Amino acid sequence: EYTQRLKEKLYWIQQLTIALEKDTFLLHYQPIVNTATNNVEYFEVLCRLQVDENRVVDAEKFIDVAGETGIVTQITKIVVDKAFKYFTNNKYRFSINISKQDIHEQYLVELLKYKCTKYNIDPSRVMLEIVETIGKCDPKIMGKEIALLKEAGFTISINDVDDSIYSRMLEFKVDFLKIDVNLFKDIDTNNASRLVLENLISFSKQAGIKTVAEYVDTKEIQTIMSKLGVDYSQGYLLGKPKDQVIS
């Protein structure tokens, strides 16, 4: 098992090295739908890797290796540039995934301001989605970076839930909370899951934080999210990631 994991890691290191040299990263866009109106309100930018002519893989295949080898920020910068270049030709809002390393290197404010100027995009159109448990990040650096990004006009979302989520949401004054699928994957049959989600949604509303449910792939789950008051939904039921924005 260890040998297999090592082989896979070396394989993805090689693929990422090639991708950085040949610029074979692709972007797909998945719609985020307002649960109350069913209108598409923005798109999440998702990174893909063109391994060969017939194979495109999701970021989940390689992002851990990218983090371990210290190149995840290079990938983020590529995604940022490609996303801004693409959305300069339309008026949609969009979100970009940000890692702990991106926050800790403290380059985002300057880079994003520059891209907004270069591609004539208002910061209010850009959401930054922190995809790792925020408890793993240095709170001082995290707080400083989020404050600077919000001051510049960008929207902040967090995409994980841990034991410190309530205090962190208030401390960092985030704008959006993306609800992890593990909190509601059995919500139609598990009352405990429903209670946890109800409390989280209620807290978010009182704090003025918008909620987004991901992996909404069935009408049943979408109906429950709507009844619980989740603000936005994302999933295959509402739209699969595509290489063009489709509303």
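Because the structure is predicted, anything quoted here is derived from the model rather than measured.

A. Fine view of the confidence of the model for the chain. On average, residues of the chain score 91 in pLDDT, and 96% of them are at 70 or above. Here helix α7 (residues 165–171) stands out as the least confident element of the chain, with mean pLDDT 78; helix α5 (residues 108–119) is the most confident, with 98.

B. Highlighting the pattern of salt bridges. Using the criterion set out here, one finds 9 salt bridges in the structure. Note that Lys 178 and Glu 44 form a salt bridge whose closest N and O atoms lie 2.8 Å from each other. Placement of Lys 178 in strand β7 (residues 176–179) and of Glu 44 in strand β2 (residues 40–52) is noted, with a sequence separation of 134 residues between them. According to the relative accessible area criterion, Lys 178 is buried, its value standing at 1%.

C. Structural detail: the packing of aromatic side chains. Under the criterion given, the structure shown has 12 aromatic pairs. Judged by centre distance (6.2 Å) and plane angle (55 degrees), the ring pair of Phe 25 and Phe 62 falls under tilted. One end of the pair, Phe 25, is in strand β1 (residues 25–34); the other, Phe 62, is in the loop between β3 (55–58) and α2 (63–68), and 37 residues separate them in sequence. Here Phe 25 and Phe 62 have matching classes, each one buried. Each residue in the set Tyr 29, Phe 84, Tyr 86, Phe 87 and Phe 94 is aromatic and connected to the rest through ring pairs, giving one cluster. Sitting over the ring of Tyr 107, Lys 77 keeps its end group 4.6 Å from the ring centre.

Criteria and thresholds
- Residues numbered from 1 in each chain as written.
- Predicted model: local features only at pLDDT ≥ 70, side-chain atom pairs only at ≥ 80, totals over all residues.
- Heavy atoms only, no water.
- pLDDT = per-residue confidence, 0-100.
- Helix = DSSP H or I, 4+ residues; strand = E, 2+ residues; numbered from the N terminus.
- Salt bridge = Lys/Arg side-chain N within 4 Å of Asp/Glu carboxyl O.
- Buried < 20%, exposed > 50% of the residue type's maximum accessible area, 1.4 Å probe, protein only.
- Phe/Tyr/Trp six-rings, centres within 6.5 Å; stacked < 30°, edge-to-face > 60°.
- Lys NZ or Arg CZ within 6 Å of the ring centre and 35° of its normal.

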